[in-house]
Amino acid sequence: MRHIISILLENESGALSRVVGLFSQRGYNIETLTVAPTEDNTLSRITIVTTGNDEMVEQITKQLHKLVDVLKVCDLADGPYIEREIMLVKCRAHTADLRNELMSLTNIYRGQIVDVTSELYVIQLVGDSAKLDSFIAVITKTTELLEVVRSGVSGIARGERSLHA
Amino acid sequence: MEQLSGAQMVVRALEDEGIDMIFGYPGGTVLDIYDALSFSKKIKHVLVRHEQAAVHAADGYARSTGKVGVALVTSGPGATNCVTGIATAYADSIPLVVITGQVANPLIGQDAFQEVDTVGITRPIVKHSFLCKKATDLPTVIKKAFYIASTGRPGPVVIDIPKDVQNPRVKFDYEYPKEISMRSYNPTTVGHKGQIKRAVKLLAEAKKPVVYIGGGVVYSNGSEYLRKLAKTFNFPVTSTLMGLGAYPAEDPQFLGMLGMHGTYEANMAMHNSDLVLAVGARFSDRVTNNVAKFCPNAKIIHIDIDPASISKTVRVDIPIVGSIDKVIPQMMDVIDELGLNFDRAQLVPWWNQIAEYRAKKCLDYKKGEYLVPQQVIEALRKYTNENTIIASDVGQHQMFTALYYPFKKPRKWLNSGGLGTMGYGFPAAVGAQMANPDETVVCISSDGSFQMNIQELSTCLEYNIPLKILIINNYSLGMVKQWQKLFYEGRTTASYSQEYVNSLPDFVKLAEAYGHVGMRIEKPEELDSTLEKAFAMKDKLVLIDILVDPDAKVYPMQIAKGAMCDMRLSDTENTVQ
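Residues numbered from 1 in each chain as written. Chains lettered and ligands numbered in written order. Predicted model: local features only at pLDDT ≥ 70, side-chain atom pairs only at ≥ 80, totals over all residues. Heavy atoms only, no water.

Residue and element names in this part refer to chain A. Taken together, the side chains of L16, V20, I30 and V35 make up a nonpolar region of the molecular surface, amounting to roughly 260 Å² of accessible area. Structurally, I30 is set in the loop between α1 (15-25) and β2 (32-37). Its relative accessible area of 31% is what places I30 among the partly exposed residues. (Patch = residues over 30% accessible without salt bridge, like charges linked within 9 Å, V, L, I, M, F, W, Y side chains within 5 Å. Areas by Shrake-Rupley, 256 points an atom, 1.4 Å probe, with all protein chains shown as cover. Salt bridge = Lys/Arg side-chain N within 4 Å of Asp/Glu carboxyl O. Helix = DSSP H or I, 4+ residues; strand = E, 2+ residues; numbered from the N terminus. Buried < 20%, exposed > 50% of the residue type's maximum accessible area, 1.4 Å probe, protein only.)

All right, on to the sheet that holds strand β4 (residues 69-73) of chain B then. Residue and element names in this part refer to chain B. Overall, parallel pairing links the six strands, which are arranged β3-β2-β4-β5-β7-β6 in an open sheet. Only two strands of the sheet have a single neighbouring strand rather than two, namely β3 (44-47) and β6 (128-131). Strand-to-strand twist of the sheet, defined as the mean angle between neighbouring strand axes without regard to direction, takes the value 20 degrees. Running at roughly 165 degrees to strand β7 (residues 156-162), helix α7 (residues 138-150) makes contact with β4, β5 (96-102), β6 and β7 of the sheet. (Pairing = 2+ DSSP bridges. Axes fitted to C-alpha atoms, helices over the stretch in contact; angles between N-to-C directions. Contact = heavy atoms within 4.5 Å.)

Here we come to the interface of chain B and chain A. Taken together, the contact pairs 19 residues of chain B with 21 residues of chain A. Of the roughly 1600 Å² buried between chain B and chain A on both sides combined, carbon and sulfur atoms contribute 44%. Per-residue buried area on chain B facing chain A is highest for R123, R183 and S184 of chain B; these three make up 39% of the total on that side. At the junction of chain B with chain A, the criterion picks out four salt bridges. One salt bridge in this structure joins R183 of chain B and D40 of chain A, with 4.0 Å as the shortest N-O distance. (Buried area = accessible area lost by both parts, 1.4 Å probe.)

Let's shift gears to empty space enclosed by the protein. Where empty space is left in the structure can be found by rolling a water-sized probe over the atoms. Residues and elements named next belong to chain B. Enumeration over the complete set of coordinates arrives at two cavities of 30 Å³ or more. Roughly 100 Å³ of internal volume is contained in the largest cavity. Lining the largest cavity, in full, are R63, V218, Y219, L241, M242, L244, R411, K412, W413, L414 and N415. Counting only elements with at least two residues in the lining of the largest cavity, the list comes to α9 (215-219) and β16 (413-414). Across the lining of the largest cavity, the residue classes break down as seven nonpolar, one polar and three charged. For the second largest cavity, the calculated volume is near 40 Å³. (1 Å grid on protein atoms, 1.4 Å probe; cavity = no way out; pocket = protein on both sides within 12 Å on 5 of 7 lines; lining within 4 Å. Points joined across faces, edges and corners; volume = space filled by probe spheres on them. Nonpolar A, V, L, I, M, F, W, Y, C, P; charged D, E, K, R; others polar.)

Next up on the list: the confidence of the model for chain B. Across chain B, the average pLDDT comes to 97, with 100% of residues at 70 or higher. Across the interfaces of the predicted complex, the ipTM metric reaches 0.93, alongside a pTM of 0.97. (pLDDT = per-residue confidence, 0-100.)

Sheet strands pair by backbone hydrogen bonding; their relative direction is either parallel or antiparallel. Residues and elements named next belong to chain B. Read from one edge of the open sheet, six strands run β16-β15-β17-β18-β20-β19, paired in parallel fashion. Each edge of the open sheet carries a strand with a single partner, namely β16 and β19 (517-521). Here strand β15 (residues 389-392) runs beside strand β17 (residues 441-446); their pairing, made up of four bridges, is parallel. Looking across to β17, one finds that I389 is bridged to V441. Sitting on the sheet, helix α17 (residues 425-435) is in contact with β15, β16, β17 and β18 (468-473), with an inclination near 175 degrees to β17.

Here the focus is the packing of aromatic side chains. The geometry of an aromatic ring pair is captured by the separation of the ring centres together with the interplanar angle, meaning the angle of the planes. All names here are of chain B. Enumeration over the complete set of coordinates arrives at 17 aromatic pairs over all chains. Geometrically, the ring pair formed by F426 and F450 is tilted, given 5.0 Å between the ring centres and 35 degrees between the ring planes. Taken together, the residues span a long stretch of sequence, with F426 in helix α17 and F450 in helix α18 (residues 447-450) at a distance of 24 residues. Take F426 and F450: they sit in the same class, and that class is buried. Ring plane angle 65 degrees and centroid distance 6.3 Å describe the contact between F450 and F507, whose orientation is recorded as edge-to-face. Of this pair, F450 sits in helix α18 while F507 is found in helix α22 (residues 507-513), placing the two residues 57 residues apart along the sequence. Each member of the pair, F450 as well as F507, is classed as buried. A connected cluster of aromatic rings, assembled from ring pairs, spans Y212, F283 and F294. It is K481 that lies over the ring of Y496; its NZ or CZ is 4.9 Å from the centre. (Phe/Tyr/Trp six-rings, centres within 6.5 Å; stacked < 30°, edge-to-face > 60°. Lys NZ or Arg CZ within 6 Å of the ring centre and 35° of its normal.)

All names here are of chain B. Here strand β2 (residues 21-24) shows a buried face lined by M21 and F23 and a second buried face lined by I22 and G24. By the bridge criterion, four bridges tie β2 to β3 in an arrangement that is parallel. Looking at the pairing, G24 lines up with L47 of β3. In this fold, β2 hands off to helix α2 (residues 31-37), which returns the chain to β3; that crossover is right-handed. (Right-handed = clockwise from strand over helix to strand, strands pointing away.)

This brings us to the layout of surface pockets. Roughly 1100 Å³ of internal volume is contained in the second largest pocket. Residue assignment for the lining of the second largest pocket shows that the elements contributing at least two residues are α1, α2 (54-66) and β4 (70-75) of chain A together with α5 (83-91) and α12 (285-288) of chain B. Among the elements that line the lining of the second largest pocket, the one with the most residues is α2 of chain A, at four residues. Its residues placed into classes, the lining of the second largest pocket shows 20 nonpolar, 14 polar and twelve charged.

Glancing now at helix α13 (residues 324-338) of chain B. Residue and element names in this part refer to chain B. The terminal C-alpha atoms of α13 lie 21 Å apart, and with 15 residues this matches the ideal 21 Å at 1.5 Å per residue to within 8%. For α13, the elements touching its buried residues are α8 (193-205), α9, α10 (223-233), β12 (275-279), β13 (299-304) and β14 (318-321). Of the residues flanking the end of α13, it is G339, one or two places downstream, whose phi is positive at about 55 degrees. (Expected span 1.5 Å × (residues − 1).)

A few words on the pattern of salt bridges. Residues and elements named next belong to chain B. In this structure the tally under the stated criterion is 32 salt bridges over all chains. Residue R491 is joined to E489 by a salt bridge in which the shortest nitrogen-to-oxygen separation is 2.7 Å. Looking at R491, the relative accessible area reads 48%, which means it is partly exposed. Taking relative accessible area as the criterion, E489 reaches 69% and is therefore assigned exposed.

This next bit is on the packing of α1 of chain A against α2 of chain A. Residue and element names in this part refer to chain A. For the pair α1 and α2, the least separation of the axes is 10 Å and the interaxial angle reads 145 degrees. In the crossing of α1 with α2, the sense of the turn from one axis to the other is right-handed. Here α1 contributes V19, L22 and F23 to the contact with α2, which in turn contributes I60, Q63 and L64. Tallied by class, the residues present in the contact of α1 with α2 amount to five nonpolar, one polar and no charged. (Left-handed = near helix turned anticlockwise from the far one by under 90°.)

The next thing to look at is unusual backbone geometry. Residue and element names in this part refer to chain B. Put simply, Y555 and P556 share a cis peptide bond, and its omega is 0 degrees. Phi is positive for Q114, close to 55 degrees, though the residue is something other than glycine. Within the element layout of this structure, Q114 appears in the loop between β5 and α6 (118-122). With relative accessibility at 26%, the residue Q114 sits in the partly exposed group.

So, on to the packing of helix α15 (residues 373-383) of chain B against helix α16 (residues 396-404) of chain B. Residue and element names in this part refer to chain B. Relative orientation of the contacting elements α15 and α16 amounts to 50 degrees, with a least axis distance of 9 Å. Taken together, the axis directions place α15 and α16 in an arrangement best described as oblique. Relative to α16, the crossing made by α15 is right-handed. Touching P373, Q374, I377, E378 and R381 of α15 are F400, T401 and Y404, all from α16. (Parallel < 35°, antiparallel > 145°, perpendicular 65-115°, else oblique.)

Now the structure itself:
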């Protein structure tokens, strides 16, 4: 089962390494990880996508709670939530046909072309991970991909549920 | 406000924290702290002979007193030598503050002389750590370190202090915080009332209950409360290696240690129970054997201060997060509140069953021409009392001590249960003796373990530490050899050989070389007379080399992958047909 763990922690040196270390030390996997300060710059927010059964995720959550720097932990997948990931794709766009095709695909996926040369496009796309996967699958059949950069998942719960100090 | 340098702040903060003793070893990056220490009238510094021993000694100090142990070492190898000691304390939840020097801030990351990433290396084996890059942060960091080490589930905290932070020529305002609160750290100590009610109702209904206690009872000073609870319900009590002494061993309700080398009665009672009340224990693999076969008919109540310990290896039915010394009184209150009339008669069949388990007399052993370790430990009872502190190393002698020495009080039994650190016992005994100068402190070690921190014989002479050291000498690495004999067709690779035997030092001469008294016991008839002589020498360290039958094995021994009740009881008898 896929889980999205949201962590609110002190924005202090070493805090991130404790979180990452905990995952490797206890044999949990990290599929994606994002981290940045929140509106309160003494706090950071980490989002980790991991897979595991319920017991494993319960243990991960408890172990994360135990870290002295960590204030709050929740599994977003426990309720309704929004997940977003940003992706930048650099691909060949050297013929008129290709450029047209790529533009129309980008529009369908509500992406944007953010850099253009005579040979290349850089396409920016935001969405959940499944949408980005699907775009890659389609575009791979259309042109040659030179580079794909994904930010990893950020997430937030819908409704009143929220993570704050 | 008072102006102090960083180095002075470290010393003053320790004084303000009430620290009277630290264990350490000087070096380049802590010279300023050592200089500041020379002016302290409140802190005694104990110079060990290896940094690992500094941490173990601080650990022995902490376990025997309940206070936070402090070690002070230099950067690089000083810090890496501490790693085993810190990991030992972490595995057993011992409150320590380990202060390590670090190269000056501008040198960090430059691969400077004696530089290692101490915070990085120790990260997985500490409760928390600090790299204190500014002198003005020192008072708060030190306050936090002691607070974190000693509250919640205790554990070691590392403070890494770069050399320039200690600079004696730069002074800053110093004020030690009276209190500290951390928004990210608030351990739960009081149990959830609803859960406690559910637990108490289960306890009252149980027909075959067992109380399974662990080190948490010792650390939370919960022994008295636990005893009351056990007496109220007339429940049988078994203890992990770490919990020994938290319940008096000679009490009729005590079943002895459980687990891998637990008693027959303890393991049988656990396996056949209908209710397990786990108190400050963590269902370690040394206890449960195969978790899939663990206590198949039992409901489980688990009281622990660490929520992550609950349902980690074994799913429990009623979790109660809290400190034993708070939760058990809450339980007693609930019993009164509910007016529970507990029918003691309902446990009569269970106690009859336990009497049958006990009739097996699983700890009986044969005495013969050679001394066996069991009789050495039993003989020790005569020369010690309930206040004697016993530190052991790791291996067969540790298990024999756990099984054959009746610990009556908590904080009297020091051993490395979680990490299983050979070399722990002797320096831990040093720390315990320094902390408890009026008590007898015994170190039970072996030819293998003792050689792992043998250098502390010198420390003992310097500080007049009158330990009684019993080397249970079986001319081999006994526990390894036991496994090899049982599971590797008797090939005793690296655990026993004529070369090993020939290379053992003369421990008596060794003790004498370090300025202590050495004695040797070779035959059963010498046991009592020699021990008597040794324990009569109150002011001297006496090391007794005790030659025992090298073939002695520790039984009972659980059978791997089996249930708790699957045990070997001797070389020829086991519970599984």
